[in-house]
Amino acid sequence: MSETIGWHDYSDSHGGKKITTINPAVQSGSTVLFENYEDMLAAQSGEYPGVTYGTGGLATQKAFEEAFCRLENGHTTKAFPSGISAIINTFMTFTQGGDEILLCDNVYGPTARFCHKVLAKYGVKITSIASDVGGEIESQITDKTKLIFLESPGSNTFEIQDIRAITKIASERNIITVIDNTWATPLHLKPLDLGVDVSIHSATKYICGYSDLLMGVATVNKKYAATFDAFYHSLENYTNPHDCYLALRGLRTLEVRLKAHETSAYEIARWLEGHELVDKVIHPGLASHPQHDLWKRDYTGAAGLFAFTFKKNYSVEHIGSFVNSLNMFGLGFSWGGFKSLITAGKFKRGGEWSHDGKHLIRLNIGLENAKDLKADLELAFQKL
Ligand SMILES: Cc1ncc(COP(=O)(O)O)c(C=O)c1O
């Protein structure tokens, strides 16, 4: 992980002496001054190699993007004002009317919503694929299939896809593969090494880690970098430098934070597996997970987000009393931050889905003491 801690010479000078800080300065600005008229002319004709305006991504954004790109083994990384905007930009870059896309059944809700409500309006056909899909994806590919969008593990229901089998088939047919890699972070999965073309993260989650900003990031391989770059500059969906600074700072401690999230989540998940009221614990790192072997093959570690179901089919009121009596778990969307959070909901997936009709209780295990979190959960279980 030293790629993200690696020291850079962010230096300036004053009074003839070099001023060097460990971290880059937050470079805010709209106008970028050219050194001379020739440079301005080059910018006007699109031949200037540097940044010509604030929307091109100033130095703090570039520092974050470069650090992130090293971590993903990518060719180009772009930061976006949110995870969903990184996802939307990627769809906009690579699809057009008449194309078909294959969309994994378990993707983040607003990703599916964008596809069905916006992309479909522009004539892109969306076909749903199973959330645990592998080589059998071949049967759903047509001459018009342009892009396959994966989310592994799904951030609500935690299915794993066979990324290697999918990218092999897709690359033979020149189909672009995109993955939402938010759960694993680049520390636990490097999708581009497995043949994926674009890896996307909601940096709002573990990358930032403090639940105090929204940011997205997309990393592209060499094959698609020029197209992605050109589209990025047309949409000008750049990110503010203060958030880039915080995200870069988040990267420096990602490894230690993620280890703590992972360790506590395993402790709590294993404890829940033995709990009398709990039916299934849905965590890809547990042997009981249906795609655990696939997960072990491709992932080097786990995050702190997983779910469980109850043995009994409790009413919404019962679920409410369980959730409301927790003191340490905040009731809120999102995850990946230092505070433990809980959500509860029912999900629909295609095919024979074993959790159909059940309340899935999703836990974001934060950086609190795992023993305290278990004690808090136990008190809430007693309410049931
Ligand atoms: C898996 C996943 N991808 C993308 C997003 C969107 O990220 P953002 O909230 O930064 O727009 C989320 C948000 O919860 C998510 O869980």
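Residues numbered from 1 in each chain as written. Predicted model: local features only at pLDDT ≥ 70, side-chain atom pairs only at ≥ 80, totals over all residues. Heavy atoms only, no water.

A.B. asks: Which residues make up the sheet that holds strand 6 (residues 145-151), and what values go with them?
C.D. replies: Two pairing modes exist for strands in a sheet, parallel and antiparallel, and in both the strands are linked by backbone hydrogen bonds. On the basis of which strands lie adjacent, the open sheet formed by 7 strands has the order 3-9-8-7-6-4-5 and mixed pairing. A single partner strand is all that each edge strand has here, and the edge strands are strand 3 (76-80) and strand 5 (125-129). Between one strand axis and the next, the sheet turns through 20° on average, direction left out of account. Helix 6 (residues 163-172) contacts strand 6 and strand 7 (176-180) of the sheet and is inclined by roughly 155° relative to strand 7. Together, strand 3, strand 7 and strand 9 (216-220) form the strand contacts of helix 8 (residues 222-235), whose direction differs from that of strand 3 by roughly 30°. (Pairing = 2+ DSSP bridges. Helix = DSSP H or I, 4+ residues; strand = E, 2+ residues; numbered from the N terminus. Axes fitted to C-alpha atoms, helices over the stretch in contact; angles between N-to-C directions. Contact = heavy atoms within 4.5 Å.)

A.B. asks: Would you mind going over the site of the ligand in detail, with residue names and values included?
C.D. replies: Surveying the vicinity of the ligand reveals 15 residues, the closest of which are G83, D180, S202, T204 and K205. Separating an oxygen atom of the ligand from a side-chain N or O atom of S202 is a distance of 2.9 Å. Take the shell around the ligand: its biggest share by element is 3 residues, from helix 4 (residues 83-94). Tallied by class, residues from the shell around the ligand come to 6 nonpolar, 6 polar and 3 charged. (Near = heavy atom within 4 Å. Polar contact = N/O pair within 3.5 Å; in protein donor to acceptor, adjacent residues only side chain to side chain. Nonpolar A, V, L, I, M, F, W, Y, C, P; charged D, E, K, R; others polar.)

A.B. asks: Describe the packing of helix 9 (residues 241-273) against helix 12 (residues 370-383), and please don't skip the residues or the numbers.
C.D. replies: For any two helices packed against each other, the geometry comes down to the angle between their axes and how far apart the axes lie. Close contact between helix 9 and helix 12 brings their axes to 10 Å; oriented N to C, the two are set at 30°. Both helix 9 and helix 12 take part in a crossing whose hand is right-handed. Note on element contacts: helix 12 touches helix 9 through A370, K371, L373, K374, L377, E378 and F381, opposite S264, E267, I268, W271 and L272. Residue composition of the contact of helix 9 with helix 12, by class: 7 nonpolar, 1 polar and 4 charged. (Left-handed = near helix turned anticlockwise from the far one by under 90°.)

A.B. asks: Go over helix 4 with me, naming the residues and quoting the values.
C.D. replies: Here helix 4 contains 12 residues, and its C-alpha end-to-end distance of 17 Å stays within 8% of the 16 Å for a straight helix at 1.5 Å per residue. Summarising burial for helix 4: 9 of the 12 residues are buried, a large majority. (Expected span 1.5 Å × (residues − 1). Buried < 20%, exposed > 50% of the residue type's maximum accessible area, 1.4 Å probe, protein only.)

A.B. asks: Now, about the nonpolar core: what can you tell me, with residues and values included?
C.D. replies: Ranked by size, the top nonpolar core spans 103 residues in total, and within it F64, F91, F308, F322 and L363 carry the most contacts. A per-element tally of this core places helix 9 first, with 11 residues. Every residue in contact with F91, bar those within four places of it in the chain, is listed here: I101, L103, T111, F114, C115, L119, L147 and F149. (Core = buried A, V, L, I, M, F, W, Y, C linked by side-chain atoms within 4.5 Å.)

A.B. asks: Report on the packing of helix 4 against helix 8, specifying residues and quantitative values.
C.D. replies: Helix 8 packs onto helix 4 with a crossing angle of 115° between their chain directions and a minimal axis gap of 10 Å. As judged from the angle between their axes, helix 4 and helix 8 are roughly perpendicular. Our pair here, helix 4 against helix 8, has a crossing hand that is right-handed. The segment helix 4 lies against helix 8, with N89, T90, M92, T93 and F94 engaging Y224, T227, F228, F231 and L235. Taken together, the residues of the contact of helix 4 with helix 8 sort by class into 6 nonpolar, 4 polar and no charged. (Parallel < 35°, antiparallel > 145°, perpendicular 65-115°, else oblique.)

A.B. asks: I'd like a description of unusual backbone geometry, backed by residues and values.
C.D. replies: The residue after S152, namely P153, is reached through a cis peptide bond having omega -10°. Positive phi, close to 60°, is recorded for T185, a residue that is not glycine. In this fold, T185 is placed in helix 7 (residues 185-188). Overall, the relative accessible area of 1% leaves T185 in the buried class. If you check the backbone angles, S211 has positive phi at about 55° while not being a glycine. Considering the arrangement of structural elements, one finds S211 in the loop between strand 8 (198-202) and strand 9.

A.B. asks: Can you explain the side chain of Q291? Please cite residues and give values.
C.D. replies: Structurally, the position occupied by Q291 is in the loop between strand 10 (278-282) and helix 10 (292-298). The exposure class of Q291 is buried, given its relative accessible area of 12%. Separated by 3.0 Å, the side chain of Q291 and the backbone nitrogen of I160 make a polar contact. Setting aside anything within four residues of it in sequence, one finds Q291 in contact with D132, F158, E159 and I160.

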